[in-house]
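# Overview (structure and organization)
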Amino acid sequence: MQNRRTHSGLQAFAPWLRETRQRHEVQLAADEGDRVDRHALAVEASDSPLNVMYMAMGHGPDCIARMRRGLIVTCDCATKPVDDPAVAVALALRYERFARAGKARFTQSIARLVEAGAGRGDEACRMMLERLHRRGLVEDPARDGGSDARPGRLS
């Protein structure tokens, strides 16, 4: 009786290694497909008012896409507060564009953010507020006596 091996160790594990490699390649392809889908969704919706707000606060396109799909609630993005003057100006510029294109109305909440920044002495907010007044998107407080009883504003 001869005790002879017919397979080497590598030959015995070859089917398992092939199967594992195939599973790994399928997983990599699925991960890449998910990343491409998230990016496509973010690009497709990049002009929406909500995405503009998220981007101005510091969220990335992938993070926004996951939030919009309901896949995450929190993220690790380095965000800025909404009342940051840079965020207020960025939102005002973007919403001004929406308003001029007829896509959305210029909201009073953004006007209040810009006004608050101008009131704190931020020069960019002051210039943005003047621009919005010139374009007729917000009322000039000097024209209406400074009252805060405009439509859409808290009184």
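Here we take up the overall build of the protein chain. Scanning the protein chain from terminus to terminus reveals six helices and zero strands. In the protein chain, the succession of helices and strands from N to C terminus is α-α-α-α-α-α. When each of the 155 residues of the protein chain is scored for burial, the buried share is 24%. Partitioning the contacts of the protein chain with sequence separation of at least 6, the portion at a separation of at least 24 is 48%.

Here we come to helix H2 (residues 49–57). Within H2, the full set of buried residues consists of Asn 51, Val 52, Tyr 54, Ala 56 and Met 57. Looking one or two places after H2, you find Gly 58, whose phi comes out positive at around 115°.

The next subject is the packing of helix H4 (residues 85–101) against helix H5 (residues 108–119). The geometry of H4 relative to H5 is characterised by a closest axis approach of 9 Å and an angle of 140° between their N-to-C directions. Considered as vectors, H4 and H5 are oriented oblique to each other. The way H4 lies across H5 gives a crossing that is left-handed. Listed contacts from H5 to Ala 88, Leu 91, Ala 92 and Tyr 95 of H4 are Ile 110, Leu 113 and Val 114. Of the residues belonging to the contact of H4 with H5, the class tally is seven nonpolar, no polar and no charged.

This part takes up the nonpolar core. Counting 19 residues, the largest nonpolar core has Leu 91, Ala 92, Phe 106 and Val 114 as its most contacted members. A total of seven residues in this core trace back to one element, the largest contributor, which is H4. Setting aside chain neighbours within four positions, we find Leu 91 in contact with Val 52, Met 53, Ala 56, Val 82, Ile 110 and Leu 113.

With that settled, the discussion passes to helix H3 (residues 61–69). Residues three or four positions apart in an α-helix share a direction because the helix packs 3.6 residues into each turn. Turning to H3, its buried residues number three or more, namely Cys 63, Ile 64, Ala 65 and Met 67. Positive phi appears at Gly 70, one or two residues downstream of H3, with a value of about 80°.

What follows is about a nonpolar patch on the surface. Taken together, the side chains of Phe 13, Trp 16 and Leu 17 define a hydrophobic patch exposed on the protein surface, amounting to about 340 Å² of accessible area. When its relative accessible area of 38% is taken as the criterion, Leu 17 is described as partly exposed.

With their axes 9 Å apart at the nearest point, H2 and H4 run at an angle of 155° to one another. Here H2 lies roughly antiparallel to H4, going by the angle between them. When the axes of H2 and H4 are compared, the crossing they make is right-handed. Seen from H2, the contacting residues are Pro 49, Leu 50, Val 52, Met 53, Ala 56 and Met 57; seen from H4, they are Val 87, Ala 90, Leu 91, Arg 94, Tyr 95 and Phe 98.

Right, let's talk about the packing of aromatic side chains for a bit. One pass over the structure, following the stated rule, counts one aromatic pair. Taking the centre distance of 5.6 Å and the plane angle of 90° together, the rings of Tyr 95 and Phe 98 count as edge-to-face. Here the residue Tyr 95 and the residue Phe 98 both occupy positions in helix H4, the gap between them amounting to three residues, near one helical turn.

Reading guide: rules and limits
Residues numbered from 1 in each chain as written. Predicted model: local features only at pLDDT ≥ 70, side-chain atom pairs only at ≥ 80, totals over all residues. Heavy atoms only, no water. Helix = DSSP H or I, 4+ residues; strand = E, 2+ residues; numbered from the N terminus. Buried < 20%, exposed > 50% of the residue type's maximum accessible area, 1.4 Å probe, protein only. Contact = heavy atoms within 4.5 Å. Axes fitted to C-alpha atoms, helices over the stretch in contact; angles between N-to-C directions. Parallel < 35°, antiparallel > 145°, perpendicular 65-115°, else oblique. Left-handed = near helix turned anticlockwise from the far one by under 90°. Nonpolar A, V, L, I, M, F, W, Y, C, P; charged D, E, K, R; others polar. Core = buried A, V, L, I, M, F, W, Y, C linked by side-chain atoms within 4.5 Å. Patch = residues over 30% accessible without salt bridge, like charges linked within 9 Å, V, L, I, M, F, W, Y side chains within 5 Å. Areas by Shrake-Rupley, 256 points an atom, 1.4 Å probe, with all protein chains shown as cover. Salt bridge = Lys/Arg side-chain N within 4 Å of Asp/Glu carboxyl O. Phe/Tyr/Trp six-rings, centres within 6.5 Å; stacked < 30°, edge-to-face > 60°.

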